Amino acid sequence: MTHYDIAVIPGDGIGPEVVEAALSVLNECEARYGLKLNYTFYDFSADLYRRTGRKITAADMDEIGQKDAVLFGAMGLPDVRGPEGLELGAQVEMRAHYGLFSSLRPVRLFEGVESPVKAKDIDMLVIRETSEGMFAGLADHHEPSDESASDRMTITRATCEKLFDVAFSQARARRKRGTPGHVTLLHKSNALRSNVLMEKVFDEVAAKSPDVGSAKYYIDAGSMYMVTDPERYDVVVSENIFGDIVSEIAAGLVGGLGVAPSADVSLTHGVFQPSHGSAPDIAGQGVANPAAMILSAAMMLEWLGERRGDDLCTQIAQNIQIAVESALATGPLARDLGGPAGTQEVLDTVVKALPA
Ligand code: NAD
Ligand code: MN
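Residues numbered from 1 in each chain as written. Chains lettered and ligands numbered in written order. Predicted model: local features only at pLDDT ≥ 70, side-chain atom pairs only at ≥ 80, totals over all residues. Heavy atoms only, no water.

Participant: A description of the environment of tryptophan 303 should follow, citing residues and the corresponding values.
Facilitator: One can find tryptophan 303 in helix H9 (residues 291-308). Residue classification places tryptophan 303 among the buried residues on the basis of a relative accessible area of 14%. In this structure, the C-alpha to C-alpha distance between tryptophan 303 and alanine 215, residues 88 residues apart in sequence, is 27 Å. With sequence-adjacent residues up to four places away left out, tryptophan 303 is seen in contact with Asp68, Ala69, Val265, Thr268, His269, Gly270 and Phe272. (Helix = DSSP H or I, 4+ residues; strand = E, 2+ residues; numbered from the N terminus. Buried < 20%, exposed > 50% of the residue type's maximum accessible area, 1.4 Å probe, protein only. Contact = heavy atoms within 4.5 Å.)

Quick look at the structure:
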């Protein structure tokens with residue numbers, strides 16, 4: 001029987017609520033399909049830091065990194081900050097520690113969900129670089145000052161090559177959805193030196209992948225197209241902060257963060273979490289939409305299945321996808337999508353829709 005060790009970090013706010021829902025779906029999959037998951041829970045959160053001063057350490061991350069994958073809820077509370085004034089975020093530290101250079105953020109307009117724009121066929125994968133870019137200087141020494149502060153954007157050839165290889169191979173893999181296979185780079189090479197290098201490496205990788213179409217837009221115009229003509233995008237790839245913003249614009253086109261999953265991956269490690277944060281505005285009310293977290297758990301099984309050549313795991317990932325699609329199509333929808341359902345009702349609908 002397939003057996004995987006999973007580190008679970010529920011985190012803050014709605015993190016634990018949506019993680020609990022995703023674990024219920026996975027438990028049901030274990031019972032029905034013969035998958036075996038072993039969980040180790042880790043209590044890293046802004047709340048823990050506030051109460052005890054304890055935060056995730058390199059040793060913790062080394063231990064967690066021994067597991068087959070990490071399932072992560074959301075971490076951070078706007079009023080809990082470290083000495084430099086930045087929020088706590090184990091997800092950001094894990095990206096740096098494990099070199100998780102690509103955050104895969106699929107965005108799809110599901111049947112039953114209304115888009116705020118006119119487009120009907122929104123189905124794209126936003127790939128946000130997550131190890132450097134505008135976050136490159138997070139560990140830099142910085143003198144505290146009330147007069148001036150700066151951050152550093154650094155782009156390296158090595159990360160770009162890996163990132164764009166992922167983008168082009170994802171575009172190939174997505175052809176089974178009927179897409180021709182296409183990658184768009186969103187960048188700012190008209191004004192940022194780092195982005196000149198990024199564009200140059202993109203051109204090199206694109207030239208080696210003539211079977212996959214490609215395009216490049218400046219991030220500003222590309223963001224407008226995201227809203228005016230999202231159907232032009234298949235795989236979209238960008239730098240860390242641009243990718244963060246654009247992936248959430250894209251999520252907004254398909255109903256919002258409640259249906260936007262993600263997978264932060266390197267060639268060896270994977271952290272699977274919704275694109276959303278801890279949503280303190282709705283935490284504790286039982287109304288968080290668990291779909292993004294459940295879809296992130298499906299991405300985890302898809303990744304494990306592909307890496308281990310485990311077809312059962314791949315099939316179970318698809319079954320979860322099918323169940324979420326069905327739950328959205330039939331409703332009842334969660335509050336963020338304009339429906340009356342709370343977390344539990346959405347979860348029950350998903351579990352009922354799991355294929356036999
Ligand atoms: P957020 O993603 O938590 O929430 C943005 C908006 O989307 C809110 O209105 C929220 O109610 C809504 N929303 C998010 N997820 C939802 C869900 N599953 N169902 C229904 N509605 C949902 O972003 P924010 O409010 O800007 O940040 C809150 C905290 O989360 C901050 O401390 C921030 O630093 C942190 N954060 C963490 C992560 C992460 O853990 N990866 C990512 C982003 C933000
Ligand atoms: Mn974000």
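Following the structure, the description resumes.
Participant: Account for helix H8 (residues 240-253), with residues named and values stated.
Facilitator: Helix length check: H8, at 14 residues, gives a terminal C-alpha distance of 20 Å against a target of 20 Å (1.5 Å per residue), a fit within 8%. Among the residues of H8, those classed as buried are Asn240, Phe242, Gly243, Asp244, Val246, Ser247, Ala250, Ala251 and Leu253. Of the surrounding secondary structure, the elements contacted by the buried residues of H8 are strand E4 (102-108), strand E5 (123-129), strand E6 (182-187), helix H6 (193-207), helix H7 (219-228) and strand E8 (235-238). Its side-chain oxygen placed 3.0 Å from the backbone nitrogen of isoleucine 241, glutamate 239 serves as the N-cap of H8. Glycine 255 lies just past H8 and shows a positive phi near 115°. (Expected span 1.5 Å × (residues − 1). Polar contact = N/O pair within 3.5 Å; in protein donor to acceptor, adjacent residues only side chain to side chain.)

Participant: For the sheet that holds strand E1 (residues 3-11), give the residues involved together with the corresponding values.
Facilitator: Reading across the sheet, the ten strands line up as E2-E1-E3-E10-E9-E4-E5-E8-E6-E7 and stay open at both edges, with mixed pairing between neighbours. One side of each edge strand has no neighbouring strand; the edge strands of this open sheet are strand E2 (36-41) and strand E7 (213-218). Averaged over neighbouring strand pairs, the angle between their axes works out to 25° when direction is ignored. As judged from the five bridges shared by strand E9 (residues 261-265) and strand E10 (residues 270-274), these two strands associate in the antiparallel manner. Each residue of the ladder has a partner; that of aspartate 264, found in E10, is valine 271. Most of the contacts of H7 go to E7, to which it runs at about 110°, and overall it touches E5, E6, E7 and E8. (Pairing = 2+ DSSP bridges. Axes fitted to C-alpha atoms, helices over the stretch in contact; angles between N-to-C directions.)

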